[in-house]
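Listed below are the residues making up each chain.
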Amino acid sequence: GDSAADLLVAYPALGPNLEEVENLAVENPWCQISILCDHPSAPERVIKSRNLGVYVDVNPGMNRTGISYTEREAILEICAKAD
């Protein structure tokens, strides 16, 4: 459709998965597609993709996924790379 939408892909976007998500974003420019990133050493392609938004996956203490909220420098590094 022509309406705007937001989509967060909440699985690791690496290798072929990243290419699929990027293709989805290119084919649907009306939709803001974003990915999760939980480590500053994630491939630059993940963090710097022109077609994808990036959310930092922060672990608030439940130890399920994400980077620990106490790792402030690493979180800021991801944010700086994504900017």
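### Let's talk about the nonpolar core
- Residues V9, A13, L18, V21, A25, C31, I33, I35 and L52 constitute the largest nonpolar core, which totals nine residues.
- With sequence-adjacent residues up to four places away left out, A25 is seen in contact with I33, N51 and L52.

### Side note on the pattern of salt bridges
- The final tally for this structure, using the stated rule, is one salt bridge.
- For E77, the salt bridge identified is with K81, shortest N-O distance 3.5 Å. Here E77 pairs with K81, and both are found in helix α3 (residues 72-82), just four residues apart, close to one helical turn.
- Classification of K81 as partly exposed rests on a relative accessible area of 21%.

### Topic: the sheet that holds strand β2 (residues 31-37)
- As summarised here, the arrangement of the three strands in space is β1-β2-β3, forming an open sheet in which the pairing is parallel. Of all strands in the sheet, those bounded by a partner on one side alone are β1 (5-9) and β3 (53-56). Taken over all neighbouring pairs, the strand axes of this sheet differ in orientation by 30° on average, direction set aside.
- In terms of strand pairing, β1 meets β2 through five bridges, oriented parallel. Each residue of the ladder has a partner; that of L8, found in β2, is S34.

Conventions and cut-offs
Residues numbered from 1 in each chain as written. Predicted model: local features only at pLDDT ≥ 70, side-chain atom pairs only at ≥ 80, totals over all residues. Heavy atoms only, no water. Core = buried A, V, L, I, M, F, W, Y, C linked by side-chain atoms within 4.5 Å. Buried < 20%, exposed > 50% of the residue type's maximum accessible area, 1.4 Å probe, protein only. Contact = heavy atoms within 4.5 Å. Salt bridge = Lys/Arg side-chain N within 4 Å of Asp/Glu carboxyl O. Helix = DSSP H or I, 4+ residues; strand = E, 2+ residues; numbered from the N terminus. Pairing = 2+ DSSP bridges. Axes fitted to C-alpha atoms, helices over the stretch in contact; angles between N-to-C directions.

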